[in-house]
Amino acid sequence: MDSSAREWVVNAVLLAALFAVPLWALLADEPFYITLASRVAILALAAVGLNIALGLGGMVSFGHAAYFGLGGYVAGVLAFHAFHGYPLAIGLPGTTSMPVIWAAAAGLSGLLALAIGTLSLRTSGIFFIMITLAFAQMLFYFALSWPSYGGEDGLPILIRNRFPGINTMRPWEFFLLAYAVLLLALGFFAMLRASRFGAALMAIRQNPDRVAALGISPFGVRLVAFAISGALTGLAGAMMADLTRFVSPAMMAWTMSGELIVIVILGGVGRLFGPVAGAAILVAFEVLFGGLTEHWQFWLGLVLLGVVLFARGGLIGLLAGRARHG
Amino acid sequence: MAEPVLKLEGVTRRFGAVTAAADVNLTLFPGEIHALIGPNGAGKTTLMALIAGKLAPDAGRITFRGRDVTALSVAARARLGLGRSFQVSSLIPEYSARRNVMLALQARAGHPYRFLFPVIRDRRLTEPARQILARVGLAGRASVPSAELSHGERRLLEIAVALALQPAAFLLDEPMAGMGLEGTRTLTAFLDRLRREAPILLVEHDMDAVFALADRVSVLAGGRIIASGSVAEIRADPEVRRAYLGEAAA
């Protein structure tokens, strides 16, 4: 079996497993594991977003928590106003409709990424990492010190938001929703990667001077990719807020940015299903070792070190071999 | 004579106290190969970077196809039809030979903001890429990642990428470097025919190739063009012999 056929098998197994675990939990009446699977799906969605910037574009953003948190706050704030029945400061009413919240979360996060990208993409390497971190920290401290929406205490979402035709309060139905959105995002990622835009973006990661000499401006392509990346991660943030029914500045903390990078690296940078594999590993570690020792992150760190040193393609690379571009 | 495709007037660039390009005047006319030679450190690389747009000049003007391009970016000049090959092969390492050429074809076709259709099934890219690779003799290596090609094959792929751009002028930076005798001979014959498609500004160390190909030769030394003329004139020029040929022939 050649490596691309093997990758499809690995991907299919991952998808099936992510579906089978909560299905088993549903039948066994273990709702905790359904919620866990939803968490994997939503973290994977956030990492699919980061994978566009980091994996396809080679932009090591250490500030994707900004988009994740902004998405979360969009969900929290809109639900807050809908619950209390008074409009936002800008006059708009709140809402509990997920499609509306998602559109707002993705749109605003995309715009934020566009603004941050415009300023950050003039730099590269360590400077880019630091400047994206700095912007995310600015937002973190802003959320921390903004008392209208809970400040450092965070903002609970009292009623889970609604999606037409689905009872989102039921863990299984909420999982199906998250799973479906993840599938759509993976399809979108695959489409993007195969397109002319993706071809230019991946080429810029490898050799920006060459691509400029062909007549394609690297800055523009990177910026658009960065905005798309931020929008997807923002969407995931809104869904995470609904899963936990709580948003707090912690969603914007640098540790969250780091977690997203860890997910992408563990799974396989630039690989279609890397985020799914990475999110599953992260959550599995949290559950399996989090109960045994409070130092579970130490063991996760060791695994990460192993991946970086010995398996650069992450779990997907380990199982399916190197990525090839026909 | 016709209007020059490319024209440099008084182009100057300093790095601190070093003047890497000093008041350079240079023209490239349709149908010709204009060779640029000079000893190491003469400023050839700087001049190529100035023409391509990687460096901005401190003074002077660069006109390309009748337009002042002095302030334009690398990408904008490329879109106007300046097709560049690099001295050290500069390709997309993970991409196959085919995809390297397809990327150039895509760049020529227009903006990259197309998100829907998969490139590998796009016959407007795959078909011409196949023809271009066949033309430079890389048909059998089309699906090999460019990082895994031999040095000579990478040089040919550089040419293929430049061809795919169908430029109004070629800017070839030492295309013969490291090619070996046989490869140099083949490439010389190839460039000889290529000048009919678009004029070539050729920076080259291989004097046999330069003297076989060039319609005109300009000699760069210390950032300054010290001589310019036909192959015969350059060979006879005493200053050139002293600055460059003497050392190379010795």
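What you see is a predicted model; the values in this text were computed from it and never measured. (Residues numbered from 1 in each chain as written. Chains lettered and ligands numbered in written order. Predicted model: local features only at pLDDT ≥ 70, side-chain atom pairs only at ≥ 80, totals over all residues. Heavy atoms only, no water.)

Trainee: Can you help me understand the packing of helix 5 (residues 151–164) of chain B against helix 6 (residues 180–194) of chain B in this one?
Mentor: For any two helices packed against each other, the geometry is given by the interaxial angle and the distance between the axes. All names here are of chain B. Orientation of helix 5 relative to helix 6, taken along the N-to-C sense of each, is 10 degrees, at an axis distance of 12 Å. Relative to helix 6, helix 5 is oriented roughly parallel. Contact with helix 5, carried on its side by Leu 156, Ile 159 and Leu 163, involves Leu 187, Phe 190, Leu 191 and Leu 194 of helix 6 and no other residues of that element. The residue makeup of the contact of helix 5 with helix 6, split by class, is seven nonpolar, no polar and no charged. (Axes fitted to C-alpha atoms, helices over the stretch in contact; angles between N-to-C directions. Helix = DSSP H or I, 4+ residues; strand = E, 2+ residues; numbered from the N terminus. Parallel < 35°, antiparallel > 145°, perpendicular 65-115°, else oblique. Contact = heavy atoms within 4.5 Å. Nonpolar A, V, L, I, M, F, W, Y, C, P; charged D, E, K, R; others polar.)

Trainee: Is there a simple way to explain the domain arrangement of chain B in this structure?
Mentor: A common measure of how large an interface is: the accessible area buried when the components associate. Residues and elements named next belong to chain B. Assigned domains within chain B: domain 1 (1–81 + 168–250) and domain 2 (92–166). Centre-to-centre separation of domain 1 and domain 2, based on C-alpha positions: 26 Å. Opposite the 14 residues of domain 1 that make contact, domain 2 presents 10 residues. Both sides together, the interface formed by domain 1 and domain 2 hides about 890 Å², and carbon and sulfur atoms give 66% of it. Contact with domain 2 buries surface across domain 1, with Phe 170, Met 179 and Phe 190 losing the most and accounting together for 44% of the total. For Arg 135, the salt bridge goes to Glu 197, with nearest N and O atoms at 2.5 Å. Where domain 1 touches domain 2, the interface holds five residue pairs in polar contact (both at pLDDT 80 or more). Listing elements by their share of the side of domain 1 that touches domain 2, those giving two or more residues are strand 7 (169–173) and helix 6. At four residues, helix 6 tops the list of elements feeding residues into the side of domain 1 that touches domain 2. (Domains from an automatic or database assignment. Buried area = accessible area lost by both parts, 1.4 Å probe. Salt bridge = Lys/Arg side-chain N within 4 Å of Asp/Glu carboxyl O. Polar contact = N/O pair within 3.5 Å; in protein donor to acceptor, adjacent residues only side chain to side chain.)

Trainee: Looking at this structure, I do not really get the packing of aromatic side chains. What am I missing?
Mentor: For any pair of aromatic rings, the description rests on two quantities: the centre-to-centre distance and the angle between the ring planes. Under the counting rule described, the total for this entry stands at 20 aromatic pairs over all chains. Judged by centre distance (5.7 Å) and plane angle (65 degrees), the ring pair of Phe19(A) and Trp172(A) falls under edge-to-face. Residue Phe19(A) is located in helix 1 (residues 3–27), and its partner Trp172(A) is located in helix 6 (residues 171–194); the two are separated by 153 residues in the primary sequence. Look at Trp102(A) and Phe163(A): their rings are 5.5 Å apart centre to centre, the planes differ by 35 degrees, and that puts the pair in the tilted class. Of this pair, Trp102(A) sits in helix 4 (residues 98–120) while Phe163(A) sits in the loop between strand 1 (155–156) and helix 6, placing them 61 residues apart in sequence. An aromatic cluster of at least three residues, connected via ring pairs, comprises Phe80(A), Tyr86(A), Phe142(A), Trp146(A) and Tyr149(A). Geometry around Tyr95(B) places Arg99(B) over its ring, the cationic atom sitting 4.7 Å from the centre. (Phe/Tyr/Trp six-rings, centres within 6.5 Å; stacked < 30°, edge-to-face > 60°. Lys NZ or Arg CZ within 6 Å of the ring centre and 35° of its normal.)

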